[in-house]
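# Working through the structure, step by step
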Amino acid sequence: MNSTRQISLTQEEKERIRSRLFSRSIPNDKAGCLEFTGSCSKSRYGMFKFRNKSFLVHRLSFAAFTGNVPEDMCVLHTCDNPRCINPDHLWLGTRGDNNRDSAEKGRRACGTKNASCKLTALQVREIRSRYGVKRESHRALAEVFGVSHNTIGSIVRGDHWKIAV
Ligand SMILES: [Zn+2]
């Protein structure tokens, strides 16, 4: 199962992964998270291909910034944000830690959808230009992109998407 696959990287691979991660993520200044904007798994964890296999990006991030991920060890989030790849928010735990952690998260889950998961950096750019240049309304853009108008609002204000993408 790929979620517990061991990851050990060469220096060159670490650098390559770091730049791929940075080019596909956006800081969320409120939480201090760095959110992956590439494709997500059903469980909302970011995924990407490496050595022709699919990896969970937070595991790759840990391996690229912090250290190897041994087989059967889990990379856990301190921030509850499945798409976060900020190495400061990731820690290495056992399956037991993981189960405890997800049980706690399950109790805390309140059904809010993380809408930004649906948007790629390219779409964010498009939203900003359609809003800024074509003067399309929040509501119209929300409908086109399948997110709430609050999300559109924070994107055009730059709240959660501060860096130019
Ligand atoms: Zn985080």
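Residues numbered from 1 in each chain as written. Predicted model: local features only at pLDDT ≥ 70, side-chain atom pairs only at ≥ 80, totals over all residues.

Another aspect to go through is the pairing of strand E2 (residues 33-36). Burial of the side chains of E2 extends over both faces: Cys33 and Glu35 are buried on one face and Leu34 and Phe36 on the other. Across 4 bridges, the pairing between strand E1 (residues 25-28) and E2 is antiparallel. Counterpart to proline 27 in the pairing with E2 is leucine 34. If you look at the hairpin formed by E1 and E2, you'll find 4 residues sitting between the two strands, and glycine 32 has a positive phi there, around 75°. (Buried ≥ 20, exposed ≤ 12 C-beta atoms within 10 Å, placed from the backbone. Helix = DSSP H or I, 4+ residues; strand = E, 2+ residues; numbered from the N terminus. Pairing = 2+ DSSP bridges.)

One recurring pattern in soluble globular proteins is that nonpolar side chains are buried together. The biggest cluster of nonpolar side chains holds 21 residues, and the ones touching the most others in it are Val57, Leu60, Ala63, Val75 and Ile85. Contributing elements (two or more residues each) for this core: helix H1 (11-23), E2, strand E4 (53-56), helix H2 (57-65) and strand E5 (74-77). Per element, the largest residue contribution to this core is 5 residues, and it comes from H2. Setting aside residues no more than four positions away along its own chain, alanine 63 makes contact with Ile7, Ser8, Leu9, Asn68 and Val69. By size, the runner-up hydrophobic cluster in this structure holds 6 residues, among which are Ile127, Leu141, Val147 and Ile155. (Core = buried A, V, L, I, M, F, W, Y, C linked by C-beta atoms within 7 Å. Contact = placed C-beta atoms within 7 Å.)

With their axes 9 Å apart at the nearest point, H1 and H2 run at an angle of 130° to one another. Taken together, the axis directions place H1 and H2 in an arrangement best described as oblique. Classified by chirality, the crossing of H2 by H1 is left-handed. Contact residues: H1 offers Lys14, Ile17, Arg18 and Leu21, while H2 offers Val57, Leu60, Ser61, Ala64 and Phe65. In terms of residue class, the contact of H1 with H2 is made up of 6 nonpolar, 1 polar and 2 charged. (Axes fitted to C-alpha atoms, helices over the stretch in contact; angles between N-to-C directions. Parallel < 35°, antiparallel > 145°, perpendicular 65-115°, else oblique. Left-handed = near helix turned anticlockwise from the far one by under 90°. Nonpolar A, V, L, I, M, F, W, Y, C, P; charged D, E, K, R; others polar.)

Time to look at the confidence of the model for the protein chain. Per-chain confidence: the protein chain averages 82 in pLDDT, with 84% of residues scoring 70 or above. Contacts for the low-pLDDT stretch residues 108-117, under 50 throughout, to residues beyond four places or in other chains number 10 contacts. (pLDDT = per-residue confidence, 0-100.)

What follows concerns the environment of valine 156. Relative to the assigned elements, valine 156 resides in helix H6 (residues 149-157). We classify valine 156 as partly exposed; it has 17 C-beta atoms within 10 Å. For the pair valine 156 and arginine 125, spaced 31 residues apart in sequence, the C-alpha to C-alpha distance is 9.3 Å. Discounting residues that sit within four places of it in the chain, valine 156 has contacts with Ile127, Arg128 and Tyr131.

Here valine 57 shows up in helix H2. Under the C-beta neighbour-count criterion, valine 57 is labelled buried, with 29 such atoms within 10 Å. Residues valine 57 and leucine 21, spaced 36 residues apart in sequence, show a C-alpha to C-alpha distance of 7.9 Å. Sequence-distant contacts of valine 57, defined by excluding residues within four places in its chain, comprise Leu21, Phe36, Gly46, Met47, Phe48 and Ile85.

Now for unusual backbone geometry. Backbone geometry at arginine 51 places phi at a positive 50°, although glycine is not the residue there. Note that arginine 51 resides in the loop between strand E3 (47-50) and E4. For arginine 51, a count of 8 C-beta atoms within 10 Å gives the class exposed. Positive phi outside glycine occurs at asparagine 52, with the angle close to 65°. Topologically, asparagine 52 is positioned in the loop between E3 and E4. Since 5 C-beta atoms lie within 10 Å of it, asparagine 52 is described here as exposed.

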